[in-house]
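So you can see what is in the structure, the chains are spelled out below.
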Amino acid sequence: MAISLDKLTGFSHKAVQVREDRMEVLAGNLANANTPGYKARDINFQDAMRSAQSGRSQNLTRTHENHIKGHMQGSGELEFRISNQPDTGDGNSVDVQVERNAFLDNGLRYQASVEFLSGKIKGMKKAISGGQS
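Calculation criteria
Residues numbered from 1 in each chain as written. Predicted model: local features only at pLDDT ≥ 70, side-chain atom pairs only at ≥ 80, totals over all residues. Heavy atoms only, no water. Helix = DSSP H or I, 4+ residues; strand = E, 2+ residues; numbered from the N terminus. Contact = heavy atoms within 4.5 Å. Core = buried A, V, L, I, M, F, W, Y, C linked by side-chain atoms within 4.5 Å. Buried < 20%, exposed > 50% of the residue type's maximum accessible area, 1.4 Å probe, protein only. Phe/Tyr/Trp six-rings, centres within 6.5 Å; stacked < 30°, edge-to-face > 60°. Lys NZ or Arg CZ within 6 Å of the ring centre and 35° of its normal. Axes fitted to C-alpha atoms, helices over the stretch in contact; angles between N-to-C directions. Parallel < 35°, antiparallel > 145°, perpendicular 65-115°, else oblique. Left-handed = near helix turned anticlockwise from the far one by under 90°. Nonpolar A, V, L, I, M, F, W, Y, C, P; charged D, E, K, R; others polar. Salt bridge = Lys/Arg side-chain N within 4 Å of Asp/Glu carboxyl O.

Caption draft 1: Here's a closer look at the overall build of the chain. Each helix and strand in the chain was counted, giving three helices and four strands. Along the chain direction, N to C, the helices and strands of the chain fall in the order α-β-α-β-β-β-α. Considering only contacts in the chain between residues 6 or more positions apart, those separated by 24 or more positions represent 69%.

Encoded structure:
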């Protein structure tokens, strides 16, 4: 009987990828907190996981011809975050506290996803070795 690693770890691996992609987006928001005209973006985790389960992946949209083509594995589409703060006049929609909290929350969830995936792999190693460590 063949063991499919993709079936065992596929969903967890995709969750880690989406969390990693979201971490990059949130870090970009924080890095551009003082950039005039920058609009905060985010990835909807539930939509991204639905997309990953169906085997689809999204391409990043290039807003300028000099931008490098990008591809985010298993992630949902980037969405602009709706700002909760009044416009400061420079067109920037980044709320640093909201972004920082989202970054920390995503980091904790990323760590939990990695631990869960690690546990699955340890369990498989134990099953392969017949329960001997």
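Caption draft 2: Structural detail: the nonpolar core. Core analysis: the biggest nonpolar cluster contains seven residues, these being Ala 15, Val 18, Val 25, Ile 43, Phe 45, Ala 48 and Met 49. Of all the elements in the fold, those that place two or more residues in this core are α1 (5-31) and α2 (45-53).

Caption draft 3: Broad picture of the packing of aromatic side chains. Applying the stated criterion across every chain, the model contains zero aromatic pairs. Above the ring of Phe 45, the side-chain terminus of Arg 19 is found at 3.7 Å from the ring centroid.

Caption draft 4: Focus on the packing of α1 against helix α3 (residues 96-128). Packing of α1 against α3 leaves a shortest axis separation of 9 Å and a crossing angle of 160°. By the angle between their directions, the pair α1 and α3 is classed as roughly antiparallel. Pair α1 / α3 crosses with left-handed handedness. Of the residues in the contact of α1 with α3, the class split is 17 nonpolar, seven polar and seven charged.

Caption draft 5: Expanded view of the pattern of salt bridges. Taken as a whole and assessed by the stated rule, the structure comprises five salt bridges. Close ionic contact of Arg 22 with Asp 42 constitutes a salt bridge, the shortest N to O distance being 2.7 Å. Of the two residues, Arg 22 sits in helix α1 while Asp 42 sits in strand β1 (residues 41-43), which places them 20 residues apart along the sequence. Like Arg 22, the residue Asp 42 is buried in the burial classification. Through salt bridges with shared partners, a single ionic network connects Arg 22, Asp 42, Arg 81 and Glu 99.

These figures come from the coordinates and say nothing about function on their own.
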